[in-house]
Structure formats: structure tokens, C-alpha cells
Amino acid sequence: MDNPFMARAIQLSIDNVQSGRGGPFGAVVVKDGAIVAEAANQVTSTNDPTAHAEVLAIREACKKLGVFDLEGCEIYTSCEPCPMCLGAIYWARLSKVYFANADADASKIGFDDSLIYSEIAQPHSQRRIPMIQMMREEALAAFRAWENKPNKIEY
């Protein structure tokens, strides 16, 4: 099944490998049948572990549209989103995700997310990177301030 948006995401991923700017991942955000934003992985070229194609495309789409909610938009990505990108997709409220390569395909070439998925299921104290809660009562002050703020912008 040919799709011009997926073809573009795939081309971005190929071009990115050939340019040396980052990993083999591309993403395109579409609204009303038109590309709003596109991006390729820039982790190594920007020294930013969060610079995945999907995250960068979401950031650019939000900036161009002047919104933080991409409901009504779709994302086409050259590979099944990793846990971080999947979280970003849900936070951005994209309406649909289309992907080409599966996470198992990415795993075969060294992009394996299984550790993160298994870590999420572990109790804080048993995670590879220890997570230690502290100063909760003090931090709750910000939540109370948010809860009581009459003119807050909900998201």
C-alpha cells in the first residue's frame, strides 16, 4: 500500500543515515491531508538523547500550529515508536499513528527498547537506575497552587 506521507518518513530515515546526522528514523505530522512538520533523528548530531524523529516532528508541528494539542493530526513514522516517543504521541493527543518498521526490526540493528519496557513494570526500588522519592510534602505545594489557580490552562 503506497502512501506519500509514509514514503516521506521513510525517505527522511534513509537520507538521515546517508547524511550521518543520526539514526535511521523519520517522522511526518499530517493535518487535513497536508504535511505540517517533518523530522529525522538527531540524537548524535545534537548530543540530545530525546531528539528522536517523532519528538522533533511533534515539537515542530506544535510550534507551526501554535498549539500543544495535536488532536486531528496523524503521525507517520518510519519505525514503531519507542516508549519515549509513544508517551509524547499520547501527550500530544495525535489522532492516529502509522508506522513502517516494527520494534523487533529496530531491535535487530541495535535499537532495543525492551529494557525500558521491563523497567517501567519494576517497582522503583528494583529499577536499574534507582528512583528515590523525597520531599513529597514540600513538592505538593506546587500541586495545591495548580489546583487552586483559577485561570490555569488545562492540558
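Everything below is about the structure shown above.
Residues numbered from 1 in each chain as written. Predicted model: local features only at pLDDT ≥ 70, side-chain atom pairs only at ≥ 80, totals over all residues. Heavy atoms only, no water.

Comments concerning the nonpolar core
Note the following rule: Buried Ala, Val, Leu, Ile, Met, Phe, Trp, Tyr and Cys residues that are joined via side-chain atoms within 4.5 Å together make up what is termed a nonpolar core. Each residue gets one of three labels from its accessible area relative to the maximum for its type: buried under 20%, exposed over 50%, partly exposed in between, using a 1.4 Å probe on protein chains only. Strands here mean DSSP runs of E at least two residues long; helices mean DSSP runs of H or I at least four residues long; both are numbered from the N terminus. Note on contacts: a residue pair is in contact if any heavy atoms of the two residues lie within 4.5 Å.
Core analysis: the largest hydrophobic core is formed by 21 residues, its most contacted members being Val29, Ile58, Ala61, Leu70, Ile75 and Leu94. Of all elements in the fold, only strand S1 (26–31), strand S2 (34–40), helix H3 (53–65), strand S3 (73–79) and helix H4 (83–92) reach the threshold of two or more residues within this core. No other element matches H3, which puts 6 residues into this core. Not counting residues within four places of it along the chain, the set of residues in contact with isoleucine 58 comprises Val29, Leu70, Ile75, Ala88, Ile89, Ala92 and Leu94. Judged by nonpolar contacts, the second largest core, of 7 residues, contains Phe5, Met6, Val28 and Tyr76.

Regarding the side chain of serine 78
Relative to the assigned elements, serine 78 resides in strand S3. In this structure serine 78 touches Ala9, Ile10, Ser13, Pro24, Phe25, Gly26, Ala100 and Asn101, once residues within four positions along its chain are discounted.

Focus on the packing of H3 against H4
Threshold: The axes used here are C-alpha line fits, helices contributing only the stretch in contact, and every angle between their N-to-C directions lies in the interval 0 to 180 degrees. For classification purposes, an angle smaller than 35 degrees is called roughly parallel, one larger than 145 roughly antiparallel, one from 65 to 115 roughly perpendicular, and anything else oblique. A clockwise turn of the near helix away from the far one marks a right-handed crossing, whereas an anticlockwise turn of less than a right angle marks a left-handed crossing.
Across the interface, H3 lies against H4 with an axial gap of 8 Å and an inter-helix angle of 25°. Of the possible angle classes, the one that applies to H3 and H4 is roughly parallel. With respect to the hand of their crossing, H3 and H4 are arranged in left-handed fashion. Between H3 and H4, the residues in contact are Glu54, Val55 and Ile58 and Met84, Cys85, Ala88, Ile89 and Ala92, respectively.

Overview of the pattern of salt bridges
Cut-off, in case you're wondering: Put simply, a salt bridge is a Lys or Arg side-chain nitrogen that is within 4 Å of an Asp or Glu carboxyl oxygen.
Applying the stated criterion to the full structure yields 3 salt bridges. The salt bridge involving glutamate 38 is made with arginine 8; its shortest N-O contact spans 2.6 Å. Taken together, the positions of glutamate 38 in strand S2 and arginine 8 in helix H1 (residues 4–19) put the pair 30 residues apart, joining distant regions of the chain. In this structure glutamate 38 comes out as partly exposed when scored by relative accessible area, which is 32%. On the accessibility criterion, arginine 8 (28% relative accessible area) is partly exposed.

Re the sheet that holds S1
Formally: A pair of strands is labelled paired if DSSP reports no fewer than 2 bridges between them.
Across the sheet, which stays open at both edges, the 4 strands sit in the order S2-S1-S3-S4 with mixed pairing between neighbours. The strands lining the two open edges of the sheet, one partner per strand, are S2 and strand S4 (96–101). Neighbour-to-neighbour, the strand axes of this sheet turn through a mean angle of 15°, independent of strand direction. In the sheet, S1 pairs with S3 via 5 bridges, with the strands oriented antiparallel. Bridge pairing in S3 links valine 29 to isoleucine 75. H3 rests against S1, S2 and S3 of the sheet, and its axis sits at about 140° to S2.

Topic: the side chain of asparagine 16
Note the cut-off: Two N or O atoms count as a polar contact when they lie within 3.5 Å, although within protein this holds only if one can serve as hydrogen donor and the other as acceptor, and sequence-adjacent residues are included solely when both atoms are side-chain atoms.
Within the secondary structure layout, asparagine 16 lies in helix H1. On the basis of relative accessibility, which here comes to 1%, the residue asparagine 16 falls in the buried class. Among the polar contacts made by the side chain of asparagine 16, one reaches the main-chain carbonyl oxygen of glycine 22 at a distance of 3.5 Å. With residues up to four places along the chain from it excluded, the contact list for asparagine 16 reads Arg21, Gly22, Gly23, Ala40 and Asn41.

Remarks on unusual backbone geometry
Unusually for a residue other than glycine, asparagine 47 sits at a positive phi of about 55°. Not every positive phi belongs to a glycine, and arginine 93 is a case in point at roughly 60°. One can find arginine 93 in the loop between H4 and S4. Among the residues examined, arginine 93 registers a relative accessible area of 33% and is labelled partly exposed.

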